[in-house]
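Reading the structure
One letter stands for each residue in the lines below.
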Amino acid sequence: MGGSLLEQLPLFLSYSNIAFLAQALGVTVALSIVGCVIGYSVGALLAFIRNRHVVDLWPARVLSVGFSETFRRVPFLIKLMVVFFAFEVVGLSVSMFTVTATTVALAAAAFSAEIMRAGLEALPEGQWDASESMNMGGVMSLRLWALPQSWRVILPPALSFTVGLIKSTSIASQISVFELTYAAKVLDQKGFSPVLSFGSLLVLYFIICYPLNLYARRLERKLERPQGAPAMLAEAGAV
Amino acid sequence: MAYTLQWGQVVGFTGYLIGGAWLALQIAFLAFVGGIAIATINATVLSYSKNRVLRAVVSSYVAFFMNTPVLVQIFFLFFALPEMGVFLSSYQAVLLGLTLNVSGYLTETLRAGFQSVSKAEIEAAETLGMSVTQMTWYVILPHIIRVLYPPLSNQYILLTMTTSIASIFGLEELTGRAYNVSAETFRSFEVFSMSAVLYVVLTFVASAVLWLIGRYVFRVKARLV
């Protein structure tokens, strides 16, 4: 058994296979980056409108809480299917890449809003009073002192959440997006040993995710979260 | 071609879908219990063992399961293990995969909880002449439960959502049944939106129950939303 695996290894590590996997890896990374950039921007906006010191409007708060509570509680696979068919319902024909990127963005927005909300809430109430007495508006407060302080609470969990998102993109293989997991399934169906195709997949994901997680942990230790900061928020990601 | 939403065909399947949610809850519960068992051993090793090799093994275990997608882990169990002579049914593969995966995360959680018990606390208990059992029961456990309860219930909810992956391996839990209904009625958007709502309700009820237990049994101070 082990013998035949070893025999297959050089065949498996052919140039075409490596190029194939590298290309798929690129798609996985692209999905994660596009989804994160859009999702985190929306998430930041949601976190800002939820904070009563920044925007004091209850409809905005309801919208923000509703959005993140809903999308945090729907599994990635179901979100993916809903987005997929929603595009069909409104009559837009888009690529599977767009469908997945939209789903990643939705997940990222919902979870990152929660992470940033907690980061903003970790700030002492007195500072908001002080800035109000100096007639600072919400946006100005955010820019001048709130974000400069809370980013150190926000960044570590946001990073480890990003790892969760990267891992979630593997589910996109279900709707035939040509990303890493799909590529490995193709290799498996071509007749390569599943031990090799799925084993190399595990290794590749590990290579992307491990350094990020390691960096998140180092950052967390370095930035020393101030008291009152949330522990373990959204750690496992939006599966 | 315009798409007309038709909920009527789908609403009749609500009971069928809720039956699937019940299976999802079962899988999540079993995986969580198994995960806690493994994680307790792991976290004990990481926190208290002086054996370097053992600790390295446990930390690589944790790093592996935290840095690879659970879907791929189950793929490996389901498709690659038969090549090594281990045959798992899809239910076994999913359950084992979820258990192993969640055990990695739980190890980290438990370890943080163990570390939150300070040396001074234990020394104080020793000074009072408490035995190890007394110390565990009256000092360490009450402290640890209060620290660990919120992140553990968080993990449990996330795990319940992760069970949707089981549908990829043909299990008929909530997501799997949603696929069935969508194949039968061709009302895909309606079915999947409805399952999304069911997941929201399911996890929200689970959160609320866990919050109530935490609030009134363990006196944990945590917010619900």
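Residues numbered from 1 in each chain as written. Chains lettered and ligands numbered in written order. Predicted model: local features only at pLDDT ≥ 70, side-chain atom pairs only at ≥ 80, totals over all residues. Heavy atoms only, no water.

1. With respect to the overall build of chain B
Here is the rule: Helix and strand assignments follow DSSP, with helices taken as H or I runs no shorter than four residues and strands as E runs no shorter than two, numbered in order from the N terminus. With a 1.4 Å probe rolled over the protein chains alone, any residue whose accessible area is under 20% of its type maximum counts as buried; one over 50% counts as exposed, and the rest are partly exposed. Residue contacts are counted whenever heavy atoms from the two residues lie within 4.5 Å of one another. Each accessible area value is a Shrake-Rupley result obtained with a 1.4 Å probe; residue values ignore everything except the protein chains displayed when judging cover. As used throughout, the charge tally considers Lys and Arg to be positive and Asp and Glu to be negative, leaving His and the chain termini uncounted. Every charge is mapped to an atom, namely NZ of Lys, CZ of Arg, CG of Asp or CD of Glu.
When you go through chain B residue by residue, the secondary structure sums to nine helices and zero strands. Dimensions along the principal axes, computed over C-alpha positions, put chain B at roughly 75 × 45 × 25 Å. Taking all 225 residues of chain B together, the buried fraction comes to 48%. Within chain B, contacts between residues at least 6 apart in sequence are counted, and of these 74% link residues at least 24 apart. When the accessible area of chain B is evaluated, it comes to approximately 11,000 Å², of which 69% is carbon and sulfur surface. One way to put it: in chain B the 12 positive side-chain charges average out to a point 13 Å from where the 9 negative ones average out.

2. Quick look at the overall build of chain A
Per the secondary structure count, chain A includes nine helices and zero strands. Listed by position from the N terminus, the elements making up chain A come as α-α-α-α-α-α-α-α-α. In terms of its C-alpha atoms, chain A occupies a principal-axis envelope of roughly 75 × 45 × 25 Å. For chain A, with 239 residues in total, the buried portion stands at 53%. Residue pairs in contact within chain A that sit at least 24 positions apart in sequence constitute 76% of those at least 6 positions apart. For chain A, the computed accessible surface area is about 10,800 Å², with 67% contributed by carbon and sulfur atoms. Distance from the positive charge centre (17 side chains) to the negative charge centre (14 side chains) of chain A: 3 Å.

3. A few points about unusual backbone geometry
We note that serine 176 of chain A has phi near 60°; this positive angle belongs to a residue other than glycine. Residue position: serine 176 of chain A is located in the loop between α7 (138-168) and α8 (180-189). Judged by relative accessible area, serine 176 of chain A falls into the partly exposed class, the value being 43%. Its identity as a non-glycine residue notwithstanding, phenylalanine 186 of chain B has a phi of 60°, on the positive side. Structurally, phenylalanine 186 of chain B can be placed in the loop between α8 (174-185) and α9 (188-216).

4. A few points about the interface of chain A and chain B
Formally: Two parts lose some accessible area (1.4 Å probe) when they are put together, and adding that loss for both gives the buried area. Whenever a nitrogen or oxygen atom comes within 3.5 Å of another N or O atom, the pair is scored as a polar contact, on the condition that within protein one atom can donate a hydrogen and the other can accept it, and that pairs from neighbouring residues in sequence are kept only if both atoms are in side chains. Nonpolar residues are Ala, Val, Leu, Ile, Met, Phe, Trp, Tyr, Cys and Pro. Charged residues are Asp, Glu, Lys and Arg, and all others, Gly as well, are polar.
Counting residues at the interface gives 48 residues for chain A, matched by 47 residues for chain B. When the two sides are added together, the surface that chain A and chain B hide from each other amounts to roughly 4,200 Å², 71% of it contributed by carbon and sulfur. Along the contact surface separating chain A from chain B lie seven residue pairs in polar contact (both at pLDDT 80 or more). For the side of chain A that touches chain B, the elements supplying multiple residues, two or more each, are α3 (58-72), α4 (76-89), α5 (96-121), α7, α8 and α9 (194-223) of chain A. Among the elements that line the side of chain A that touches chain B, the one with the most residues is α9 of chain A, at twelve residues. Each residue belonging to the side of chain A that touches chain B can be placed in one class, and the counts come to 28 nonpolar, nine polar and eleven charged.

5. Points about the packing of helix α4 (residues 70-80) of chain B against helix α5 (residues 90-115) of chain B
When two helices pack together, their arrangement is given by the angle between their axes and by how far apart the axes lie. Residues and elements named next belong to chain B. How we decide: Note on geometry: axes are lines fitted to C-alpha atoms, helical ones only across the stretch in contact, with angles between N-to-C directions running from 0 to 180 degrees. Working definition: roughly parallel below 35 degrees, roughly antiparallel above 145 degrees, roughly perpendicular at 65 to 115 degrees, and oblique for all remaining angles. Crossing handedness: left-handed means the near helix sits turned counterclockwise from the far one by under a right angle, and right-handed means the same turn made clockwise.
The geometry of α4 relative to α5 is characterised by a closest axis approach of 9 Å and an angle of 135° between their N-to-C directions. What the angle tells us is that α4 and α5 run oblique. By crossing handedness, the relation of α4 to α5 is classed as right-handed. Counting all contacts with α4, which are made through Val70, Gln73, Ile74, Leu77 and Phe78, the residues of α5 involved are Ser90, Ala93, Val94, Leu96, Gly97, Leu98 and Asn101. A class-by-class count of the residues in the contact of α4 with α5 yields eight nonpolar, four polar and no charged.

6. Here's the deal with the confidence of the model for chain A
Heads up, the rule is: The pLDDT value tells you how sure the predictor is about a given residue, anywhere from 0 up to 100.
The pLDDT averaged across chain A works out to 90; a share of 92% of its residues lies at or above 70. Contacts from residues 226-239 of chain A, a stretch scored under 50 in pLDDT, to residues over four places away or in other chains number 41 contacts.

7. Some words on the layout of surface pockets
All names here are of chain B. Applied cut-off: We place a 1 Å grid over just the protein atoms. Points where a 1.4 Å probe fits but has no way out form a cavity, open points with protein on both sides within 12 Å along at least 5 of 7 lines form a pocket, and any residue with an atom within 4 Å of a point lines it. Grid points are joined across faces, edges and corners, and a volume is the space filled by probe spheres set on the points.
Volume-wise, the second largest pocket comes out at about 320 Å³. Together, Tyr48, Phe114, Val132, Thr136, Ile140, Leu141, Ile144, Ile145, Leu148, Tyr149, Leu152 and Phe218 line the second largest pocket. Among the elements that line the lining of the second largest pocket, the one with the most residues is helix α7 (residues 132-162), at nine residues. For the lining of the second largest pocket, a count of residues per class yields eleven nonpolar, one polar and no charged.

8. A look at the environment of valine 99 of chain A
Here valine 99 of chain A lies in helix α5. Taking the C-alpha atoms as reference points, valine 99 of chain A and leucine 202 of chain A, separated by 103 residues in sequence, lie 24 Å from one another.

9. Thoughts on α4 of chain A
Spelled out, the test is: Expected span, for any helix, means 1.5 Å times one less than how many residues it has.
If you check α4 of chain A, its first and last C-alpha atoms are 20 Å apart, about what 14 residues at 1.5 Å a residue would give, namely 20 Å. Counting buried positions along α4 of chain A gives eleven out of 14 residues, so the element sits mostly inside the fold. Every buried residue of α4 of chain A is listed here: Phe76, Leu77, Ile78, Lys79, Leu80, Met81, Val82, Val83, Phe85, Phe87 and Val89 of chain A. Packing partners of the buried residues in α4 of chain A comprise α3, α5 and α7 of chain A together with α8 and α9 of chain B. Note on α4 of chain A: the residue one or two positions beyond its end, glycine 91 of chain A, has a positive phi of about 80°.

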